Amino acid sequence: MQQASSSRSTLDEIERDFQSHDIVLVCAAIFMLLHHGRVKAAALRERALDSRLFFGVCGDEQVAK
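Residues numbered from 1 in each chain as written. Predicted model: local features only at pLDDT ≥ 70, side-chain atom pairs only at ≥ 80, totals over all residues. Heavy atoms only, no water.

Right, let's get into the confidence of the model for the chain. With 78% of its residues at a pLDDT of 70 or more, the chain has an overall mean of 81. Per-element mean pLDDT across the chain ranges from 86 in strand β3 (residues 54–57) up to 92 in helix α2 (residues 23–35). Contacts of residues 60–65 to residues separated by more than four positions or lying in other chains number 15 contacts, the stretch itself having pLDDT below 50. (pLDDT = per-residue confidence, 0-100. Helix = DSSP H or I, 4+ residues; strand = E, 2+ residues; numbered from the N terminus. Contact = heavy atoms within 4.5 Å.)

Okay, structure coming up:
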């Protein structure tokens, strides 16, 4: 899951990459990684969670947009 978000990806893109898996588990894994600081979604500070929100690995400065 962390590798899937290693490039700047939206939540929707990550869900599509794992469409053969339980979508609830996919989202739970992303949020767990977010909570543990392994991925980030800087836009969460400014707007509500939606499928177009970008996630990326911490240290990836392009995630801020």
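A cluster of nonpolar side chains, contributed by F31, L44 and L49, occupies part of the molecular surface with about 230 Å² of accessible area. Tracing the chain through its elements places L44 in the loop between β2 (39–40) and β3. (Patch = residues over 30% accessible without salt bridge, like charges linked within 9 Å, V, L, I, M, F, W, Y side chains within 5 Å. Areas by Shrake-Rupley, 256 points an atom, 1.4 Å probe, with all protein chains shown as cover. Salt bridge = Lys/Arg side-chain N within 4 Å of Asp/Glu carboxyl O.)

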